[in-house]
Structures are given as C-alpha cells and as structure tokens.
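# Fold and contact review
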Amino acid sequence: MSTTIERTARTVPAPRSTAERLADHVVAALIDEVTLTPKPGLVDFRGRGAHRDLSWPLMCHSARSLHPSFVAMAAAGSAGLDRDVLRERIGAIGRDGEAAMTHATGGINTHRGAIWALGLLVTAAAMEHHDGCAERIASRAGTLARLPDRHAPATTGHKGERACRVHRVGGAKAQARDGFPHVTCAALPALRGSRSRGDSEDAARLNALLAVMAALDDTCVLARGGTAALATVQAGAARVLAEGGAGNADGRKSLRELELRMLELDVSPGGAADLLAATLFLDRVEADRVS
C-alpha cells in the first residue's frame, strides 16, 4: 500500500523549466491579445472583426498548438549556442511551427507574424533568463534578427511581403531588426502610463494597441486597403489617444467610430496585434522576474 507521502508526490506537477515557463508566457500573451475587447478590425471576444476565416476559439487553439515550438526556441536560446547557429536553429523551429499552426487551423494563417516576432523575443529572453528587462530583451532579439539564415526562403509570397515591396515599408522584418521600436517606444510606455494613471487593465492594453496603430506602417492594413486606409487607421488611433484613450468616455466614443470606419474599409491591423502580443509577453516576463 502506498504511503500518503507517495500518493501526494504523484499528484504534484513537476517544476516548469525556464523554457516551458517562457513558452507559457508567450501563449498567454497571444490569448490575452485575441481576448482583449473591443479591438477595431481585429478578432476579439465579440466576433471576427474584419476577418472571414478567423474566430476567437480558432485563435486560442492556434496559440496553444504553438507552445512546443516556443519551448524549443527558448531551449535553444538558453543552450549557449553560437549566435549564427542559434539564428538558423530558431529559423528552422519557426518554419516547423508555422507548419504545425497550419495543420492545427486547417490551412488558415492565424499567427504567422507572431511566430516571427515572439519566436525572436522568447529566444532572446532565454539567452539571459535572469534579465527580465523588456528593452534589453527586445535589443537582443534585434541582434538575432539581423543575423542571416541561410536556409530561409528568399521569398514567401505572403501578403505582408508583397505590401513591403509595393509600398516600400520595412514590415515585420525591419521591426525586428530594429529591436522592436514600436513595442519599446510606443506600446510599453502607453501600457505603463495608462496603468499609472489608474486605467483598467483592458483600457491600458487597448491604449498600447492604439499607440502602435497610430505609428506603425501596418502591412496588414496596407495589403487590404492601401495607403489611404493606413492613413485613416493611424489618424483614428491617434485621435482616440488624444481624447483620453480607451479609459475615457470621449476616447471610447472615438474608438467606436474608428472601428466602424475600419469595418467599412474591411481592414484589420494584424501587424499591430502581433506587436501588442509581443508587448504583453515582455510585460509578463518583467512581472515574473519581479515576483
């Protein structure tokens, strides 16, 4: 007969490794991003936004399907590999992760951009896992992004890549190579500032999203609506913030007006959503180091 101690030991989960814990934070950030409501043009807890093929349950399922890939990237980051080797290792893991995502979603692109951004960030966080400073993690991720990956395809044919070429913007690759400036210089300050003035957590996160939308040359918007739609999105997001943000009655009114206009234009700020998820991941890592 087993003892009480033996029975208890069987029910206690094993401690999470650093890589698993970081991957937990990534998946939680992705689910937090899609659950945040109301987001203009984006999938949220209310519905599909400007999308036909996406939904809240599908996005959550996709995020969870990527957990093993983010564990593998974090494990690679903590393994002390030469940085050129590490860059190619996480590139291969990311491509495998994209295949896993596509299989899980029946061929729908739910998180391709997030795999790129959060893959770099989770790797960078694991490289110096005792350093939870968001800005330093983003800087390390930028260093990785600037390294070549000999095995990456020269072109992908994706809409974001075409938008970069047509509209002469840097897109997700430039954002990463520059160390995620829209995260560190726009979203995180907006998130922290909103919290410090007493906004609700949802309002603070919406303000972080709006801060990115107001400044980012979002290739998802450009691909679907061109430069005129991008100008509308940027000006509308800036107006919401100028009127007090999502925590203020005037700001919420402008946010509703922006959402209606974006639905009319059939555009969705998917690039900004990926950077919000990156922001929430870095915020979680910082909080984890403090606790």
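Whatever comes next refers back to the structure up there.
First things first, this report covers the structure right here in the doc. All residue numbers refer to position in the chain's written sequence, counted from 1. Two thresholds apply to this predicted model, a pLDDT of at least 70 for residue-level local features and 80 or more for giving and counting side-chain atom pairs, whereas whole-chain, interface and lining totals are computed over all residues. With hydrogens and water excluded, all non-hydrogen atoms of the structure serve as input to the side-chain values.

Moving on to the environment of Lys159. Strands here mean DSSP runs of E at least two residues long; helices mean DSSP runs of H or I at least four residues long; both are numbered from the N terminus. Summarising the element assignment, Lys159 is placed in helix α8 (residues 159-167). Judged by relative accessible area, which is 57%, Lys159 ranks as exposed. For Lys159 and Cys220, which are 61 residues apart along the polypeptide, the C-alpha to C-alpha distance reads 7.6 Å. For every residue, the accessible area (1.4 Å probe, protein chains only) is compared with the maximum for its type, and the residue is labelled buried under 20%, exposed over 50%, or partly exposed between those bounds.

This brings us to the packing of aromatic side chains. Aromatic pairing here means that ring centres of Phe, Tyr or Trp (its six-membered ring) are within 6.5 Å. Orientation follows from the plane angle: under 30 degrees is stacked, over 60 is edge-to-face, and everything else is tilted. This model, assessed by the stated rule, comprises 1 aromatic pair. Ring centres of Phe45 and Trp56 lie 4.9 Å apart, and the angle between their planes is 90°; on these two criteria the pair is classed as edge-to-face. Taken together, the residues Phe45 in the loop between α2 (18-35) and α3 (56-65) and Trp56 in helix α3 connect sequence positions 11 residues apart.

Before going further, it helps to spend a moment on the pattern of salt bridges. One speaks of a salt bridge when a side-chain nitrogen belonging to Lys or Arg is within 4 Å of a carboxyl oxygen belonging to Asp or Glu. Taken as a whole, this structure holds 23 salt bridges when the rule is applied. Measuring nitrogen to oxygen at the nearest pair gives 2.9 Å for the salt bridge that ties Arg136 to Asp131. For Arg136, a relative accessible area of 48% translates into the label partly exposed. Judged by relative accessible area, Asp131 falls into the buried class, the value being 16%. One continuous salt-bridge network, built from bridges that share partners, spans Asp32, Arg195, Glu201, Arg205, Asp283 and Arg284.

For the rest of this paragraph, the subject is the nonpolar core. If you look at the biggest cluster of nonpolar residues, it comprises 84 residues, and the most contacted ones within it are Phe70, Leu118, Leu121, Phe180, Met213 and Phe281. If you tally residues by element for this core, the top one is helix α6 (residues 112-127), at 11 residues. In contact with Phe70, not counting residues within four places along its chain, are Ala23, Val26, Leu30, Ala114, Ile115, Leu118, Gly119 and Val122. For this analysis, a nonpolar core means a set of buried residues of the types Ala, Val, Leu, Ile, Met, Phe, Trp, Tyr and Cys, connected via side-chain atoms within 4.5 Å. Here, residues are in contact when the closest pair of their heavy atoms is within 4.5 Å.

Let's shift gears to the side chain of Ser254. As for its placement among the helices and strands, Ser254 is situated in helix α13 (residues 249-265). Not counting residues up to four positions away in its chain, the partners in contact with Ser254 are Arg239, Val240 and Glu243.

This part covers unusual backbone geometry. Trans peptide bonds make up the majority, and among non-glycine residues the majority have a negative phi. Pro38 follows Thr37 through a cis peptide bond whose omega is 5°. Even without glycine at this site, Phe180 takes up a positive phi of about 55°. Within the secondary structure layout, Phe180 lies in the loop between α9 (171-177) and α10 (181-196). Since its relative accessible area comes to 1%, Phe180 is described here as buried.

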